[in-house]
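# Summary of the model geometry
Residue strings, one per chain:
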Amino acid sequence: MSSNGRLTATQSEQSETIWVEKYRPRELDEIVAHDEIRGTLRRLIAERTLPHLLFYGPPGTGKTTAILACAREMFGAQFKTMVLELNASDDRGIDVVREQIKTFASTRHIYALKAGIKLVILDEADAMTSAAQAALRRIMEKYTSNIRFCLICNYANKIIPAIQSRCTRFRFQPVPVAQMIQRLEYIADREGVPVDRAAFDALARIAQGDMRRAIYLMQSTFLASASARVTEDGVYANAGMPSPADLHAIAQILLYDPFAQAFCKISEIKKGKGFALLDMIHGLHEAVMLMELSPKVKAFLFEQLANMEWRLVSATSERIQLAALVGIFRLAASMIDDSESGMDPKAAAAVEKLVQGAGYDQTQHG
Ligand SMILES: Nc1ncnc2c1ncn2[C@@H]1O[C@H](COP(=O)(O)OP(=O)(O)O)[C@@H](O)[C@H]1O
Ligand SMILES: [Mg+2]
């Protein structure tokens with residue numbers, strides 16, 4: 001579990017001071033979203049028919065939390081002796097895993113005889129090679145009478161079919177915005193930390209369904225704030241992500257400034273605030289969505305932004321791509337009106353719309 005936390009602290013320190021750990025739900029009912037998964041797990045536990053499990057989905061959605069809560073429910077105070085937690089990405093390899101499972105399986109515990117089964121949790125199972133997974137499959141087979149496995153991973157398709165078919169699969173979706181904010185409110189309330197409404201929205205927007213990221217960001221913003229308050233600006237600054245206000249400024253420059261000037265200004269903003277070009281592209285994509293532009297211009301911008309995203313994740317030069325970004329907006333502006341260079345009424349209306357969408361007062365164009 002400690003591999004999930006980015007701050008370095010001992011386990012016990014973590015559970016007291018790091019909100020992500022402090023507010024890790026201990027019971028299934030405390031987990032937000034995933035109603036169906038919780039219902040199914042609860043039934044399987046009650047009927048004592050727990051199969052091998054495969055939990056998959058994006059990070060920070062509650063996979064580890066859910067299986068630990070199940071284990072607590074099944075084993076209560078015996079938790080420690082009945083559960084073996086392993087991390088498959090541990091580079092000691094499948095032989096070490098095999099040995100650990102063997103020892104664990106053969107340790108006869110009074111409670112185990114009564115309860116029947118023990119639980120092995122194998123986190124980051126998709127980090128295993130197929131050869132290691134094939135070995136794991138044999139281990140699962142061998143100990144199936146007294147051990148249940150819960151494999152956890154991000155992508156189910158990275159698990160070999162022979163294992164997949166032996167497991168009941170549960171897909172963990174990104175945590176929906178409403179439930180995420182509700183949980184953040186609960187934590188802020190318990191900690192007595194004032195959090196602005198817009199800051200909750202910003203946290204949810206940046207986290208993209210990753211609850212760990214949202215909680216972590218809320219705490220780090222709070223720790224970094226001079227006013228002991230979590231604000232929208234604080235959240236964006238802490239995440240190093242462009243805020244709606246930043247995007248507004250950037251969009252204005254892109255739409256109105258001549259090429260060389262736009263390039264310099266945006267370079268400066270990017271450097272000064274430490275933005276990644278990829279985050280700016282994602283933000284601009286949302287911004288363009290809100291703009292009142294002709295379908296043709298919008299389609300052009302979307303396609304170009306998508307190409308740019310693709311190029312950026314293939315590790316091309318940010319400087320060259322930034323110039324390309326300025327270029328595509330210059331082209332879009334000329335598509336809007338190729339007779340005037342700057343203050344085209346349609347472009348002005350588009351910016352106004354963007355400003356309204358972002359919830360900011362309009363300032364004069366630079
Ligand atoms: N569904 C959820 N409900 C409440 N808290 C959650 C949920 N998902 C994640 N969290 C929070 O995020 C942290 C990390 O969750 P975890 O279960 O480890 O995610 P992962 O899906 O990556 O295994 C937890 O300690 C908890 O604070
Ligand atoms: Mg996990």
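Residues numbered from 1 in each chain as written. Chains lettered and ligands numbered in written order. Predicted model: local features only at pLDDT ≥ 70, side-chain atom pairs only at ≥ 80, totals over all residues. Heavy atoms only, no water.

Looking at an unreviewed UniProt entry, one finds the chain named Replication factor C subunit 5 and attributed to Cyanidioschyzon merolae. The UniProt entry for the chain carries the following comment under Subcellular location (unreviewed entry): "Nucleus". (UniProt positions renumbered as here; feature names shortened; annotations may be inferred.)

## What about the site of ligand 1?
Ligand 1 sits among 19 residues. The nearest are V20, G60, K63, T64 and T65. Interatomic distance of 2.7 Å between a backbone N/O atom of V20 and an oxygen atom of ligand 1. Protein chains bury 98% of the 550 Å² of accessible surface belonging to ligand 1 in isolation. Listed by contribution, the elements that provide at least two residues to the shell around ligand 1 are helix 4 (63-75) and helix 12 (211-224). Looking at the shell around ligand 1 residue by residue, the classes come out as eight nonpolar, seven polar and four charged. In terms of domain composition, the shell around ligand 1 takes at least three residues from each of domain 1 (31-171) and domain 2 (177-239). (Near = heavy atom within 4 Å. Polar contact = N/O pair within 3.5 Å; in protein donor to acceptor, adjacent residues only side chain to side chain. Areas by Shrake-Rupley, 256 points an atom, 1.4 Å probe, with all protein chains shown as cover. Helix = DSSP H or I, 4+ residues; strand = E, 2+ residues; numbered from the N terminus. Nonpolar A, V, L, I, M, F, W, Y, C, P; charged D, E, K, R; others polar. Domains from an automatic or database assignment.)

## Concerning the pairing of strand 3 (residues 118-123)
Put simply, side chains in a regular strand alternate between the two faces of the sheet. Of all six residues making up strand 3, six are buried, and the element is well covered by its neighbours. Of the two faces of strand 3, the one lined by K118, V120 and L122 and the one lined by L119, I121 and D123 are each fully buried. Alignment of strand 2 (residues 83-87) against strand 3, held across five bridges, turns out to be parallel. The residue bridging N87 from the neighbouring strand is D123, located in strand 3. In this sheet, strand 4 (residues 147-153) lies alongside strand 3 in parallel orientation, the contact comprising five bridges. Along strand 4, the bridge assignment pairs V120 with F149. Since strand 3 and strand 4 lie parallel, the crossover through helix 8 (residues 130-142) that links them has a hand, and here it is right-handed. (Buried < 20%, exposed > 50% of the residue type's maximum accessible area, 1.4 Å probe, protein only. Pairing = 2+ DSSP bridges. Right-handed = clockwise from strand over helix to strand, strands pointing away.)

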